[in-house]
Amino acid sequence: MELRPMSRLVIISNRVSVPTSDVGGAQGGLSVALAAALRESTGIWFGWSGEETAHFSGHINFQRNFGVTTATIDLEAQDIDEYYNGYANRTLWPLFHYRVDLAEFERGFAGGYERVNARFADTVAPLIEAEDLVWVHDYHLIPLGQKLRERGCRNRIGFFLHIPWPPTPLLLSLPSHRELVQSVFAYDVVGFQTLDSLEAFRDYARVQLDAEFGEDGSVTHEGRTIRAIACPIGIDTAEFRASATSEVALGVFERMRLSANGRTMIIGVDRLDYSKGLEERFLGYERFLGSHPDQHGAVFLLQIAPPSRADVQSYQEIRAHLDALSGRINGEFADAEWVPIRYVNKGHRRDQLAGMYRAARIGLVTPLRDGMNLVAKEYVAAQDPADPGVLILSRFAGAAEQLVDALLINPHSPEDMADAIATALAMPLAERIARWRRLMDNIEAEDVIWWRRRFTEALEAARPHPLPPG
Ligand code: G6P
């Protein structure tokens, strides 16, 4: 087979993570995987630095670390407020996670979103070379493709949505839903995490835009044809499995075992976000404790939940609720020698988490809605093949489309959760091994390298974009 040189890749996302080493360590799986793609393709990764500046200047801070070039810009306080805390995290995030009740529709947010997307386009456009593949990520930057086209960019541009695409009736509550969806047609390839999200997008295109549908996932609207595909993201399975038996992970594993003192550990690891169903998880676990007095003192739940988006009120509220709820449940059931919930608001390195996952008999991953949820995949990948733990997974995580051999539950039902915990605790070794093997088959086959290849190959196959009229 002839090996074609890879096109240069320009990755654009709101957050950019500067590599701190050649392999994982403190970093997320996605950033490790994208960094690996950039190393192969000598591309760049462009986005917001996370820093604030008094006046937006378009100044780009280039850095080269471990073979990866990152290019970041600072944003003004008003940008951060209206674009990141505003439209991205107070409008789109709740709405796309089915929480219309939490979504705020302020014109100022929408204006800030447009302005920052234009600022991204203005600053990144001069960095894009003729043959580059441009790959835009996530809900912060949906209109970026269109803004790049308006600036004459004819490259192949792809977009991947990491969060769910909402059903049409929900999306209709967004005042500018039509403009937002029409802007998607500036891309060449649009990727979703699940068939469910892909179908919801196609439904909107059919019902609201009267679009036409072709073979191979093409969708045409007002003369523009895009390819819309489901392309579920995976983890770097080989890297994560290796990190689960690294010195750091094995050290954590041993310390957890000592501190568990013969008790069975259940683990949950989530950003502190209302979409993760943490209140419902605590209530389900409370139900389990209430109906299984024999398990008092025999199990505990380690919930790791680093605070997130702390400037947004709904995040402050969920944090306060969880403080109260974990306190109440511990007060209700604890005794002098046992605390049922260890609730930790601190982030951990990935290799430390891998050790904790391995030490936990149950992984509790119960979001109310989630684009994918990589913790579910990491929990499975970290297990000891000879004595694996059991994954309890929400039906409403994107991962549930692939991980059908987990114990799938409805996270809204405390009884469902309590029953699943009891089932997992009683599950014979042979069944644990059989389920784990089938889960691993998927996690190994559809890993992050598979995901990246599948998306970039679809993008390479797209036709070059015609010049804009006029
Ligand atoms: C989700 C989003 C990402 C985002 C991450 C962390 O996974 O899909 O785009 O980066 O949450 O959220 P933050 O607001 O801290 O970037």
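Predicted model only: the values in this text are computed from it and were never measured. (Residues numbered from 1 in each chain as written. Predicted model: local features only at pLDDT ≥ 70, side-chain atom pairs only at ≥ 80, totals over all residues. Heavy atoms only, no water.)

Undergrad: Is there a simple way to think about the sheet that holds strand E7 (residues 189-192) in this case?
TA: Pairing between the strands of a sheet comes from backbone hydrogen bonds, and it takes one of two forms, parallel or antiparallel. If you walk across this open sheet you meet the 10 strands as E3-E4-E2-E1-E5-E6-E7-E10-E9-E8, and the pairing is mixed. Two strands bound the open sheet, and with one partner strand each, they are strand E3 (61-65) and strand E8 (212-213). Where strand E9 (residues 218-221) meets strand E10 (residues 224-230), 4 bridges bridge the pair, whose relative direction is antiparallel. Looking at the pairing, Val 219 lines up with Ile 226 of E10. Along the sheet, helix H7 (residues 195-209) contacts E7, E8, E9 and E10; its crossing angle with E10, the most-contacted strand, is approximately 150°. (Pairing = 2+ DSSP bridges. Helix = DSSP H or I, 4+ residues; strand = E, 2+ residues; numbered from the N terminus. Contact = heavy atoms within 4.5 Å. Axes fitted to C-alpha atoms, helices over the stretch in contact; angles between N-to-C directions.)

Undergrad: Sorry if this is basic, but what is going on with the nonpolar core here?
TA: It is characteristic of soluble globular proteins that their nonpolar side chains tend to be buried jointly. If you look at the biggest cluster of nonpolar residues, it comprises 153 residues, and the most contacted ones within it are Ile 12, Phe 96, Phe 120, Leu 148, Tyr 285 and Leu 393. If near-sequence neighbours (up to four positions away) are discounted, Leu 148 is found in contact with Ile 12, Ala 121, Val 124, Ala 125, Ile 128, Val 134, Cys 153 and Ile 157. (Core = buried A, V, L, I, M, F, W, Y, C linked by side-chain atoms within 4.5 Å. Buried < 20%, exposed > 50% of the residue type's maximum accessible area, 1.4 Å probe, protein only.)

Undergrad: Even after reading the chapter, I still don't get the sheet that holds strand E12 (residues 299-304), so can you show me in this structure?
TA: The strand order E13-E12-E11-E14-E15-E16 describes an open sheet built from 6 strands, whose pairing is parallel. A strand with exactly one partner marks an edge of an open sheet, and here the two such strands are strand E13 (341-344) and strand E16 (407-409). Here the average twist between neighbouring strands, direction ignored, is 20°. Both strand E11 (residues 264-269) and E12 contribute to a ladder of 6 bridges, which runs parallel. Bridge assignment links Ile 266 to a residue of E12, and that residue is Leu 301. Of the strands in this sheet, E11, E12 and E13 touch helix H9 (residues 247-260), which is tilted by about 140° from E13.

Undergrad: Even after reading the chapter, I still don't get the site of the ligand, so can you show me in this structure?
TA: Near the ligand you find Arg 15, Tyr 84, Trp 93, Asp 138, His 140, His 162, Ile 163, Arg 271 and Arg 309, and these make up its full shell. Here Arg 309 contributes a side-chain N or O atom positioned 2.8 Å from an oxygen atom of the ligand. Expressed as a share of its isolated accessible area of 380 Å², the protein-covered part of the ligand is 71%. The class makeup of the residues in the shell around the ligand is 3 nonpolar, 2 polar and 4 charged. (Near = heavy atom within 4 Å. Polar contact = N/O pair within 3.5 Å; in protein donor to acceptor, adjacent residues only side chain to side chain. Areas by Shrake-Rupley, 256 points an atom, 1.4 Å probe, with all protein chains shown as cover. Nonpolar A, V, L, I, M, F, W, Y, C, P; charged D, E, K, R; others polar.)

Undergrad: How should I be thinking about the environment of Glu 332 in this particular structure?
TA: Mapping Glu 332 onto the fold places it in helix H11 (residues 313-333). The class for Glu 332 is partly exposed, based on a relative accessible area of 46%. Sequence-wise, Glu 332 and Gln 352 are 20 residues apart; in three dimensions their C-alpha atoms are separated by 30 Å.

Undergrad: Teacher, can you tell me more about the pairing of E7 here?
TA: On a regular strand, each side chain points to the face opposite its neighbour's, so the side chains alternate between the two faces of the sheet. Where burial is concerned, the two faces of E7 agree: the one with Val 189 and Gly 191 and the one with Val 190 and Phe 192 are both buried. As judged from the 3 bridges shared by strand E6 (residues 156-160) and E7, these two strands associate in the parallel manner. When the bridges of E7 are listed, Phe 160 appears paired with Gly 191. Where E7 meets E10, 4 bridges bridge the pair, whose relative direction is parallel. Along E10, the bridge assignment pairs Phe 192 with Ala 230.

Undergrad: Would you take a moment to explain the pattern of salt bridges for this structure?
TA: Under the definition given, this model contains 34 salt bridges. Between Lys 147 and Glu 114 there is a salt bridge; the shortest N-O distance is 2.5 Å. Of the two residues, Lys 147 sits in helix H4 (residues 144-150) while Glu 114 sits in helix H3 (residues 107-124), which places them 33 residues apart along the sequence. Residue Lys 147 is classed as buried on the basis of its relative accessible area of 9%. For Glu 114, a relative accessible area of 37% corresponds to the partly exposed category. Notably, a salt bridge pairs Arg 281 with Asp 270, separated by 2.7 Å at the nearest N-O pair. Taken together, the residues span a long stretch of sequence, with Arg 281 in helix H10 (residues 278-291) and Asp 270 in the loop between E11 and H10 at a distance of 11 residues. By the burial criterion, Arg 281 is buried, and Asp 270 matches it. Counted as one network, the salt bridges with shared partners bring together Glu 76, Asp 79, Glu 82, Arg 115 and Arg 119. (Salt bridge = Lys/Arg side-chain N within 4 Å of Asp/Glu carboxyl O.)

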